[in-house]
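Understanding the architecture of this molecule
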Amino acid sequence: MENRIVIAEGDITIEQVDAIVNAANESLLGGGGVDGAIHRASGPELVAECRTLGGCRTGDAKTTKGYLLSSKWVIHTVGPVWRGGSSGEPELLSSAYRRSLEEAVRAGARTIAFPAISTGVYRFPPGKAAKIAVRTIIDFLKAEQGQNIDQVRLVCFSRASVDCHRAALKELLPA
Ligand code: ADP
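Residue indices begin from 1 for each chain and proceed along its sequence in written order. Owing to the predicted nature of the model, reporting of local features is limited to residues with pLDDT of at least 70; listing and counting of side-chain atom pairs is limited to 80 or more, with chain, interface and lining totals taken over all residues. Side-chain figures throughout are based on the complete set of non-hydrogen atoms in the structure, without hydrogens or water.

**Observations concerning the overall build of the protein**
Across its full length, the protein holds 5 helices and 6 strands. A radius of gyration in this sense is built from C-alpha atoms; the matching globule rule multiplies 2.2 Å by the number of residues raised to 0.38. Taking 2.2 N^0.38 as the reference for a compact globule, 175 residues should give roughly 16 Å; the C-alpha atoms of the protein span a radius of gyration of 15 Å, in line with that estimate. Along the first, second and third principal axes, the C-alpha atoms of the protein reach 45 × 35 × 30 Å. For each residue, the accessible area found with a 1.4 Å probe, counting protein chains only, is set against the maximum for its type, and the residue is called buried under 20%, exposed over 50%, and partly exposed in between. Counting all 175 residues of the protein, 49% fall into the buried class. Strands here mean DSSP runs of E at least two residues long; helices mean DSSP runs of H or I at least four residues long; both are numbered from the N terminus.

Quick look at the structure:
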């Protein structure tokens with residue numbers, strides 16, 4: 001399990017993986033943060049394909065091609081907006097990770113990179129989000145469907161985000 005989950009620091013748009021995950025909003029028509037970066041790097045065909053999808057519910061995920069990215073696929077998922085934690089936010093965040101992994105398997109992607117979903121403008125506390133991300137990924141990789149995935153990369157945009165994910169991995173996957 002150890003080498004199947006990798007924590008990296010950097011820009012997800014330059015990851016060399018089969019699929020990158022986009023932390024999108026329900027419209028799937030583009031936004032700021034990692035969504036803006038992915039649309040800029042992929043080119044205008046990405047939003048054109050997204051327009052055909054009819055949006056995406058919070059906690060769900062939908063797949064498009066990667067266009068100008070190195071990744072063959074972009075999996076667009078929608079994490080929850082943090083509203084204090086008692087509006088189903090943990091379950092919805094876990095669902096966003098799980099549905100993205102299911103989409104990766106469906107597309108035939110064996111390597112997948114995630115940003116820290118919901119921890120930007122959606123304000124999910126980074127430590128709590130990292131634990132949910134790592135827990136959901138471990139559970140998926142252990143299950144039968146997870147045998148189709150070789151590596152999950154958690155691509156963090158700051159040192160603090162790396163530290164949160166390292167701590168979560170250490171807690172949930174003791175050596
Ligand atoms: P959300 O609306 O789900 O909170 P954001 O894009 O605002 O989405 O932020 C999600 C996370 O992605 C944040 O931790 C942010 O720092 C990070 N992020 C922003 N740009 C990039 C990028 N190019 N690569 C990887 N992570 C990024």
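**As for the packing of helix 3 (residues 89–107) against helix 4 (residues 126–142)**
Closest axis-to-axis distance for the helix 3/helix 4 pair is 9 Å, and the angle between their directions is 40°. In terms of orientation, helix 3 and helix 4 fall into the oblique class. For helix 3 against helix 4, the interelement crossing comes out right-handed. Across the interface between the two elements, Pro-90, Leu-93, Ser-94, Tyr-97, Arg-98, Leu-101, Glu-102 and Val-105 of helix 3 pack against Ala-129, Ile-132, Ala-133, Thr-136, Ile-137 and Phe-140 of helix 4. To define axes, lines are fitted to C-alpha atoms, for helices over the stretch in contact only, and angles between the resulting N-to-C directions are given on a 0 to 180 degree scale. Roughly parallel here means an angle under 35 degrees, roughly antiparallel means over 145, roughly perpendicular means 65 to 115, and every remaining angle is called oblique. Two helices that cross are described as forming a left-handed crossing if the nearer one is turned anticlockwise from the farther one by less than a right angle, and a right-handed crossing if clockwise. What makes two residues a contact is simply this: any of their non-hydrogen atoms within 4.5 Å.

**A look at the nonpolar core**
As used in this record, nonpolar core signifies buried Ala, Val, Leu, Ile, Met, Phe, Trp, Tyr and Cys residues forming a set joined through side-chain atoms within 4.5 Å. Membership of the largest hydrophobic core comes to 35 residues, with the highest contact counts inside it found for Ile-112, Phe-114, Ile-137, Ile-149 and Val-152. Mapped by element, the contributors of at least two residues to this core are strand 1 (5–9), strand 2 (19–23), helix 3, strand 5 (111–114), helix 4, strand 6 (151–156) and helix 5 (159–172). With 9 residues, helix 4 is the single largest residue contributor to this core. Val-17, Ala-24, Leu-46 and Cys-50 belong to the second largest nonpolar core, which has 14 residues in total.

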